[in-house]
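# Observations on the three-dimensional arrangement
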Protein chains: 2
Amino acid sequence: MKSSAAAESLPRLTAGERTRQSILDVAVDLASVEGLDGLTIGRLATELDMSKSGLFAHFGSKEELQLATIEAAKHRFAAEVVAPALKAKRGLPRLSALCKEWIGYGQDSVFPGGCFFAAAAAEFDSRPGLVRDRIAEAMDQWIDMLRIAVRKAIEEGDLLSSIDSEQLAFEINAMLMAANFDFQLHDDKKAFDRAKKGIDRLLHHASA
Amino acid sequence: MKSSAAAESLPRLTAGERTRQSILDVAVDLASVEGLDGLTIGRLATELDMSKSGLFAHFGSKEELQLATIEAAKHRFAAEVVAPALKAKRGLPRLSALCKEWIGYGQDSVFPGGCFFAAAAAEFDSRPGLVRDRIAEAMDQWIDMLRIAVRKAIEEGDLLSSIDSEQLAFEINAMLMAANFDFQLHDDKKAFDRAKKGIDRLLHHASA
DNA sequence: CCTACCGATCGGTAGG
DNA sequence: CCTACCGATCGGTAGG
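Just so it is clear, the structure is predicted and the values come from calculations on it, not from any experiment. (Residues numbered from 1 in each chain as written. Chains lettered and ligands numbered in written order. Predicted model: local features only at pLDDT ≥ 70, side-chain atom pairs only at ≥ 80, totals over all residues. Heavy atoms only, no water.)

## Quick look at helix 7 (residues 130-155) of chain A
Convention followed: Put simply, DSSP marks the helices as runs of H or I at least four residues long and the strands as runs of E at least two long, and each gets a number from the N terminus on. One fewer than the residue count of a helix, multiplied by 1.5 Å, yields its expected span. Here's how the labels work: a residue is buried when its accessible area is under 20% of the maximum for its type, exposed when over 50%, partly exposed in between, all with a 1.4 Å probe on protein chains only. Throughout, a contact is declared for two residues whenever any of their heavy atoms are within 4.5 Å.
End to end, helix 7 of chain A covers 37 Å across 26 residues, agreeing with the expected 38 Å (1.5 Å per residue, within 8%). Burial in helix 7 of chain A covers these residues: A:Val131, A:Arg132, A:Ile135, A:Ala136, A:Ala138, A:Met139, A:Trp142, A:Leu146, A:Ala149, A:Val150, A:Ala153 and A:Ile154. The inward-facing, buried residues of helix 7 of chain A contact helix 4 (62-85), helix 5 (92-107), helix 6 (116-124) and helix 8 (165-186) of chain A together with helix 8 (165-186) of chain B. Count one or two residues on from helix 7 of chain A and you reach A:Gly157, which has phi positive near 85°.

Listed below in structure tokens is the structure:
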């Protein structure tokens, strides 16, 4: 027998899978700066010191590369924002943690060109297709996470029962997105302070 | 003498200037959908039933075409949003009118791909150059207009003197931008209702 | 405003 | 994973 499949369940990756992962790490960074369409196979191959066709063989089409890049970005977002926030206990603490972790994610430039999903949504919102659908799905999942955290905060008695969870999630996300674009355009982190201040006031007014 | 320069001061345009204007009308619409970079000279020429080089001669470079397109988009925005809002009297009425006109501008798809400036800012925020600078300038002018309207509303006694005009302008704009991106991604106008509701509450809490 | 062209780069393929 | 290639399109130019 060649190897024990049962041992070390996760890090057991084939060489091809490892190459694919390192391609996607670079692809995510490149796409956050140049856009998901500006992410060209030639450019990415140069960045990785590979041949175009060698890289291409891992994906089969540009669309598949784009979809795989979105998937890799989702994993990075989950690790950097969602996972830390889930350590806070449910209710208002977790809602606050989601906002705090998102602001940290923006400030620390987890993606070098700013929030991957905000940029990709703006780029693809007028181009029907699988890429657009997956980006919209990722955005919806994030807003949904905020909305559910608001609802739990209401259930825990931390927020007023009269609060419209969908409306509050929309407004919180609006502050975060605005901070992201403001920061990208002006390279001034006070945009995140403004978002923080706006969200603090939103949560204060929603509190019992 | 060929013509009286003094008569009809504005509509006196040369044939070249009229052609240029009709090119830019199409360029603005195309760019709002495909992006300012996706606005290619070949694509634009096809749309206008012109030769590439004939169109190119009006601008001299792609960057000049992009800059002229931004200028044309600013004019459309000024006519559709700013001018109507300036009919309202200074203070809170004008601030409310700016928000109302902006929401109308979004709902009516004055640019077929959504707010031209929001899309262009997201597209170019990581690409240094003249195009990026002009877009940032246009965005700053809009936020500044909101900020000044807030300040006037404070001076008129319509809003509390404790209000931070820059912060409020940021938060109002955040609602508008979020509604724009939400609408582009979901094609559901309830995003504008959410923005309206959020802004109404912002202004209510800021009122004396 | 046109035809005719340039070198560079795009996504993708053949064949190994 | 590679070399070598394809047709299409890019921004831009020559010359009229």
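After that view of the structure, there is still more to cover.
## Re the pattern of salt bridges
Residues and elements named next belong to chain A. Threshold: When a carboxyl oxygen of Asp or Glu lies within 4 Å of a side-chain nitrogen of Lys or Arg, that pair is called a salt bridge.
Summed over all chains, the structure comprises 24 salt bridges over all chains. Residues Arg43 and Glu34 are paired through a salt bridge, measuring 2.6 Å at the closest nitrogen-oxygen approach. The network of salt bridges with common partners includes Glu34, Arg43 and Glu47.

## Section: the layout of surface pockets
Note the threshold: Cavities and pockets were defined on a 1 Å grid built over protein atoms only: a cavity is a set of grid points that admits a 1.4 Å probe from which the probe cannot escape, a pocket is an open set flanked by protein on both sides within 12 Å along at least five of seven lines, and lining residues are those with an atom within 4 Å of any such point. Grid points are joined across faces, edges and corners, and a volume is the space filled by probe spheres set on the points.
Estimated volume of the largest pocket: approximately 460 Å³. As for the largest pocket, its lining consists of 24 residues, of which A:Asp140, A:Ile143, A:Asn173, B:Asp182 and B:His186 are closest to the centre. Contributing elements (two or more residues each) for the lining of the largest pocket: helix 6, helix 7 and helix 8 of chain A together with helix 8 and helix 9 (190-205) of chain B. Considering every element that reaches the lining of the largest pocket, the biggest residue donor is helix 8 of chain B, with 7 residues. Looking at the second largest pocket, its volume works out to about 380 Å³. In terms of lining, the second largest pocket is formed by 28 residues, of which the most central are A:Glu34, A:Glu123, A:Arg127, B:Glu123 and B:Arg127. Going through the elements one at a time, helix 1 (15-34) and helix 6 of chain A together with helix 1 (15-34) and helix 6 (116-124) of chain B are the ones with two or more residues in the lining of the second largest pocket.

## Quick word on the protein's contact with DNA strand C
In plain terms, the rule: Being near a molecule or strand, for a residue, means having at least one of its heavy atoms within 4 Å of it. Two N or O atoms count as a polar contact when they lie within 3.5 Å, although within protein this holds only if one can serve as hydrogen donor and the other as acceptor, and sequence-adjacent residues are included solely when both atoms are side-chain atoms. Lys, Arg, Asp and Glu make up the charged group, whereas Ala, Val, Leu, Ile, Met, Phe, Trp, Tyr, Cys and Pro make up the nonpolar group; the residues left over, Gly among them, are polar.
Surveying the vicinity of DNA strand C reveals 14 residues, the closest of which are A:Thr40, A:Lys62, B:Thr19, B:Ser51 and B:Ser53. A breakdown of the atoms of DNA strand C within 4 Å of the protein gives sugar and phosphate a share of 57%. In this structure, A:Lys52 approaches DNA strand C through a side-chain N or O atom, which is 3.1 Å from a base nitrogen. Taking B:Ser53, its side chain carries an N or O atom lying 2.6 Å from a base oxygen of DNA strand C. If you tally residues by element for the surface near DNA strand C, the top one is helix 3 (residues 52-56) of chain A, at 3 residues. Tallied by class, residues from the surface near DNA strand C come to 3 nonpolar, 9 polar and 2 charged.

## Some points on the packing of aromatic side chains
Put simply, the rule reads: Each Phe, Tyr or Trp ring, with Trp reduced to its six-membered ring, pairs with another whose centre is within 6.5 Å; inter-plane angles below 30 degrees give stacked pairs, above 60 give edge-to-face pairs, and intermediate values give tilted ones.
Tallying each qualifying case throughout the model produces 19 aromatic pairs over all chains. When the centroid spacing of 5.8 Å and the interplanar angle of 80° are considered together, the rings of A:Phe77 and A:Phe117 count as edge-to-face. On the criterion of sequence distance, the pair formed by A:Phe77 in helix 4 and A:Phe117 in helix 6 is long-range, its members being 40 residues apart. By relative accessible area, which is 10% here, A:Phe77 ends up buried. A:Phe117 gets classed as buried once you look at its relative accessible area, which sits at 6%. A centroid spacing of 5.3 Å and a plane angle of 90° characterise the contact between B:Phe77 and B:Trp142, whose relative ring orientation is edge-to-face.

## Concerning the side chain of B:Arg132
This is how the line gets drawn: In this tally, Lys and Arg are treated as positive and Asp and Glu as negative; His is ignored, and so are the chain termini.
Structurally, the position occupied by B:Arg132 is in helix 7 (residues 130-155). It turns out B:Arg132 is buried and unbridged, and the closest side chain with the opposite charge, B:Asp133, is 4.2 Å from it. Within the structure, the side chain of B:Arg132 is placed 3.5 Å from the backbone oxygen of A:Gln184, a separation counted as a polar contact. Excluding residues within four positions of it along the chain, B:Arg132 makes contact with A:Gln184, A:Leu185, A:His186, B:Phe124, B:Asp125, B:Ser126 and B:Arg127.

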